[in-house]
Amino acid sequence: DGEGRVDGKVVARCAYAEVAAGFLLLVELATPRRNPLLLALFWQYLQLRTMLERAAAGGPARGPLHDAWAAVDGRVMRIVGTPACPALLRGAYCKVREVAAKQVAIPEKGEKPKLKCSIM
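Note that the structure is a prediction, hence the values are computed from the model and not measured.

What counts as what
Residues numbered from 1 in each chain as written. Predicted model: local features only at pLDDT ≥ 70, side-chain atom pairs only at ≥ 80, totals over all residues. Heavy atoms only, no water. Helix = DSSP H or I, 4+ residues; strand = E, 2+ residues; numbered from the N terminus. Buried < 20%, exposed > 50% of the residue type's maximum accessible area, 1.4 Å probe, protein only. Contact = heavy atoms within 4.5 Å. Areas by Shrake-Rupley, 256 points an atom, 1.4 Å probe, with all protein chains shown as cover. Lys, Arg positive; Asp, Glu negative; His and termini not counted. Charge placed at Lys NZ, Arg CZ, Asp CG, Glu CD. Salt bridge = Lys/Arg side-chain N within 4 Å of Asp/Glu carboxyl O. Patch = residues over 30% accessible without salt bridge, like charges linked within 9 Å, V, L, I, M, F, W, Y side chains within 5 Å. Phe/Tyr/Trp six-rings, centres within 6.5 Å; stacked < 30°, edge-to-face > 60°. Expected span 1.5 Å × (residues − 1). Arc of directions from axis to C-beta.

*Asks:* Could you clarify how one ought to interpret the overall build of the protein chain in this entry?
*Replies:* The helix and strand inventory of the protein chain stands at 4 helices and 0 strands. Taken from the N to the C terminus, the helices and strands of the protein chain come in the order α-α-α-α. Each principal axis of the C-alpha atoms in the protein chain carries an extent, and together these give about 50 × 40 × 35 Å. The buried share of the protein chain, taken over its 120 residues, is 16%. Put simply, 49% of the contacts in the protein chain that link residues at least 6 apart link residues at least 24 apart. Carbon and sulfur atoms make up 67% of the accessible area of the protein chain, which amounts to about 8,900 Å² in all. In the protein chain, which carries 18 positive and 11 negative side-chain charges, the distance between the mean positions of the two groups comes to 7 Å.

*Asks:* Could you clarify how one ought to interpret the pattern of salt bridges in this entry?
*Replies:* When their charged atoms lie close together, side chains carrying opposite charge are able to pair. Summed over all chains, the structure comprises 4 salt bridges. The salt bridge partner of Lys-95 is Glu-98, with a shortest N-O separation of 3.9 Å. Of this pair, Lys-95 and Glu-98 both sit in helix 4 (residues 87-103), 3 residues apart, which is roughly one turn of the helix. The class for Glu-98 is partly exposed, based on a relative accessible area of 38%. Salt-bridge contacts for Glu-98 lead to Lys-102; the nearest nitrogen and oxygen are separated by 3.5 Å. Note that Glu-98 and Lys-102 are positioned in helix 4 at a spacing of 4 residues, about one turn of the helix. For Lys-102, a relative accessible area of 56% corresponds to the exposed category. Residues participating in the shared-partner salt-bridge network are Lys-95, Glu-98 and Lys-102.

*Asks:* Got a minute to help me understand a nonpolar patch on the surface in this structure?
*Replies:* On the surface, Val-6, Val-10 and Val-11 cluster together into a nonpolar patch covering about 240 Å² of accessible area. Along the polypeptide, Val-11 turns up in helix 1 (residues 8-28).

*Asks:* Explain the packing of aromatic side chains to me, please; I cannot follow it from the model alone.
*Replies:* For any pair of aromatic rings, geometry is given as the distance between the ring centres together with the angle between the planes. Enumeration according to the criterion identifies 4 aromatic pairs in this entry. On the basis of an interplanar angle of 90 degrees and a centroid distance of 5.5 Å, the ring pair of Phe-23 and Trp-43 is categorised as edge-to-face. Taken as a pair, Phe-23 in helix 1 and Trp-43 in helix 2 (residues 36-57) lie far apart in primary sequence, 20 residues in all. Residue Phe-23 is classed as partly exposed on the basis of its relative accessible area, which comes to 32%. On the basis of relative accessible area, Trp-43 is assigned to the partly exposed category, the value being 24%.

*Asks:* Would you explain helix 3 (residues 64-80) in this entry?
*Replies:* Since there are 3.6 residues in each turn of an α-helix, residues three or four apart along the chain are aligned in direction. Along its 17 residues, helix 3 runs 24 Å from first to last C-alpha, staying within 8% of the 24 Å computed at 1.5 Å per residue. Along helix 3, the residues classified as buried are Leu-65, His-66, Ala-68, Asp-73 and Val-80. Buried residues of helix 3 fall within an arc of 155 degrees about the axis and therefore sit on the same side. Turned more than 90 degrees away from the buried face of helix 3, the exposed residues are Arg-75 and Arg-78. Buried residues along helix 3 sit against helix 1, helix 2 and helix 4.

See below:
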C-alpha cells in the first residue's frame, strides 16, 4: 500500500494457495510424480501454521488460513451434503474433518498436550 503494510487480500490469497497446494500434493499421489515425503512434510507445515494462527489469536479460529480452510470445508460440505452423495462418503468426510480439528486444537492451560501422530 505504499507504507510497507501487506494488503489483507494478498495474505488471504496466499492462504488459499497454501491450502490448494496441499490438496494438489494429495492428487499427485495418483501420478508417477508422487512424493509422499513432501506431502507429509507440507501437511505438517499446514498443521503448524493453523495451530500458530489459532494460538496467536488467543482462542477461536480467526485469520486467513482458517478462512481458507472454512471455504474448502464449505465447498466439500455442499457436495457431500447432497442427497445424491453416498452416506458412507459423507460419514468419512465428517470423520476426517473431526480428526483434523482435533489435530490443531490448542490445549487448555494446565492440560497436558495429547500425543499426536507426527513424522518428526
